[in-house]
Amino acid sequence: RLLIIDFGSQVTQLIARRLRELNVFCEIHPYQKVTDAFLAEFRPRAVIFSGGPDSVVREGSPRPPKTVYELGVPILGICYGQQVMMQDLGGQVDGGKISGGGGTAEFGRAFVTPAGEPLSILQGWFAEGKEQVWMSHGDHVSKIAPGFEVFGTSPNAPYAVTADVERHFYAVQFHPEVHHTPNGKMLYENFVRAAGFKGDWTMGAYREEAIAKIREQVGDKKVICGLSGGVDSSVAAVLIHEAIGDQLTCVFVDHGLLRQNEADEVVTMFRDHYNIPLIHADESRLFLSNLEGVSDPETKRKIIGKLFIDVFQKYANEIDGAEFLAQGTLYPDVIESVSFSGGPSVTIKSHHNVGGLPEKMGLKLVEPLRELFKDEVRALGRELGLPDSFIGRHPFPGPGLAIRCPGEITGEKLEILRKADAVYIDQIRKHGLYDEIWQAFVAILPVRTVGVMGDGRTYDYACALRAVTSVDGMTADYYPFTHEFLGETATRIINEVQGINRCTYDITSKPPGTIEWE
Ligand code: XMP
């Protein structure tokens, strides 16, 4: 395994991405956690020091334990990590940030040119004489540590790439993990090859390891898993079931705000296809009656969130002797908490989550996806035999159709919405566009409009179609359907769905809009 010591850079996760793409298994750990004992236990085959926001010249700034340099394994220091390495090993760093060190701060694109002998980790670089890199630093190294030599320079960073070749210590001032260092991946590849990684880490291997870990953690105890029908909880459930069989029981809280046939599909797939003991908590009436007359978006979200937890708890309590709660927590959720930047931020929407549940119920957590990124969870799902059509599904929010039904929710509106949504998604699939779109859905608007169909007057609901492209849901743009597609889809919805007589397309990006309507 490769160890990434996190000093709090915003892009530490990207280092892990680059390495995983090279089929090298790595883990990110915050520097506070990396002690001598930790290193002895982890036994990394190579170590990377991430960047970070602090200044190494500040007393008490983050450091790795000194023993890391005695492990005899290759180390790569990036930006702040480079400066840490220089300072620790006898070089010198000047504090541009703190002492206002005069014009050495550098942010953005820069070009590195080679110096000295060719360096193994730069193999393949400089084909055109120089390489574009991304710099982001205030401090700079003013004297390199004994044993180090210079292998690359840039106008503002004379020590852009340095290395102690004998000890396999490499230090770079720029960020090779970001997109704006186009050949950064090559540098990582050379580094991991030098460290002896073959790049043979596969999902199959991960699956086996994960199963062994679950068995070890759980023993002969029982596990409860809240199944939402989404990819993460589903993959977690199937994996855990493979590990411990019927010691796992899934609880599927059906709040009645799901899409057409969704509840049936989930129940059939898990109960019949996978033979996983599943409690289908059909509580749609309870949810709908509590939502009656409520039209404020935040109130709706809070009602649903609270009921969800109550219902889950009620059903889970029926499972005798359960000691563990399984959750589909992903790696990004885990490492976000390490970030230094977690300042106060405004709540745009109260998110649906069950974070407080384990403590409330006195359960321990099983989180077999904690080390994976979203696309890796999908790959694991495929490995476990979940159908592609299921794995590739668009994200669906916890509060379900409630937030696609602005204003008051009624059973009638939900029915209309389900039908319209099914037609819309069918259209998107038929035109082969489903996988190009991050998320697509219909929102039913709280307004009736006048129309004419046949020779008669209609007075029905209007709806809005939404389709966006996005990488992570944080920002999004509307999908540029052709007018032909939009026209055809509107006609189909109005003809096939009774209760809708007008169709609009939402072309708001995020920001300023959000993806969901509420
Ligand atoms: P917004 O609407 O905030 O949504 O732009 C961003 C992404 O998050 C999904 N979403 C949720 N997911 N619980 C969830 O699990 C929620 O409460 C929730 N609200 C929004 C939304 O569908 C989109 O993918």
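Residues numbered from 1 in each chain as written. Predicted model: local features only at pLDDT ≥ 70, side-chain atom pairs only at ≥ 80, totals over all residues.

**Some points on the overall build of the protein chain**
The condition is simple: Secondary structure elements are defined from DSSP: runs of H or I of at least 4 residues count as helices, runs of E of at least 2 residues count as strands, and each element is numbered from the N terminus. Whether a residue is buried, exposed or partly exposed is read from the other C-beta atoms within 10 Å of its own C-beta, which are placed from the backbone; 20 or more gives buried, 12 or fewer gives exposed, and intermediate counts give partly exposed. Remark: residues whose backbone-derived C-beta atoms lie within 7 Å of one another are considered to be in contact.
Of regular secondary structure, the protein chain possesses 16 helices and 20 strands. In the protein chain, buried positions account for 38% of the 518 residues. Look at the contacts in the protein chain between residues 6 or more apart in sequence, and 75% of them connect residues 24 or more apart.

**With respect to the packing of helix 7 (residues 231–244) against helix 13 (residues 374–383)**
Stated formally: In this analysis, axes come from line fits to C-alpha atoms, helices being fitted only over the stretch in contact, and the angle between any two N-to-C directions falls in the range 0 to 180 degrees. In these notes the angle categories are as follows: under 35 degrees is roughly parallel, over 145 is roughly antiparallel, 65 to 115 is roughly perpendicular, and the rest is oblique. Crossings are sorted by hand: turned counterclockwise from the far helix by less than a right angle, the near helix makes the crossing left-handed, and turned clockwise it makes it right-handed. Amino acids outside the nonpolar list (Ala, Val, Leu, Ile, Met, Phe, Trp, Tyr, Cys, Pro) and the charged list (Asp, Glu, Lys, Arg) are all regarded as polar, and Gly is one of them.
It is the contact of helix 7 with helix 13, at a shortest axis distance of 10 Å, that shows an interaxial angle of 45°. Judged by the angle between their axes, helix 7 and helix 13 are oblique. In the packing of helix 7 onto helix 13, the handedness of the crossing is left-handed. Residues Val-231, Asp-232 and Val-235 of helix 7 pack against Val-377, Arg-378, Leu-380 and Gly-381 of helix 13. Residue composition of the contact of helix 7 with helix 13, by class: four nonpolar, one polar and two charged.

**Regarding the environment of Glu-516**
Tracing the backbone through its elements, the reader meets Glu-516 in the segment after strand 20 (500–505). Residue Glu-516 is classed as partly exposed on the basis of its C-beta count, with 18 C-beta atoms lying within 10 Å. Sequence spacing of Glu-516 and Ala-440 is 76 residues, and the spatial spacing of their C-alpha atoms is 9.8 Å.

**Brief notes about the sheet that holds strand 6 (residues 106–114)**
Formally: Following DSSP output, two strands are said to pair if at least two bridges run between them.
If you trace the nine strands from one edge of the open sheet to the other, you get 2-1-3-4-11-10-9-6-7, paired in mixed fashion. With one partner strand each, in any of the chains shown, strand 2 (26–30) and strand 7 (131–137) form the two edges of the open sheet. Each strand axis lies, on average, 25° off the axis of its neighbour in the sheet, ignoring direction. With seven bridges joining them, strand 6 and strand 7 adopt antiparallel strand pairing. Residue pairing for strand 7: Gly-108 is matched across the bridge by Met-135. Along the sheet, helix 1 (residues 12–21) contacts strand 1 (2–6), strand 2 and strand 3 (46–49); its crossing angle with strand 1, the most-contacted strand, is approximately 165°.

**Here we look at the pairing of strand 6**
As defined by bridge partners, strand 6 adjoins strand 9 (residues 149–154) across two bridges and the pair is classed as antiparallel. Each bridged residue has a counterpart across the sheet, and for Pro-114 the counterpart in strand 9 is Gly-152.

**Some words on the site of the ligand**
Basically, it comes down to this: To decide nearness, the C-beta atom of each residue is placed from the backbone, and the residue is near a molecule or strand if that atom lies within 6 Å of it.
The environment of the ligand is made up of 13 residues, and the closest members are Pro-397, Gly-398, Thr-514, Ile-515 and Glu-516. Taken together, the residues of the shell around the ligand break down into four nonpolar, six polar and three charged.

**Here we look at the domain arrangement of the protein chain**
Here is the rule we go by: Each domain span listed reflects an automatic or database assignment of domains.
On domain assignment, one finds that the protein chain holds domain 1 (2–194), domain 2 (203–391) and domain 3 (405–505). When each unit is reduced to the centre of its C-alpha atoms, the spacing between domain 1 and domain 2 is 38 Å.

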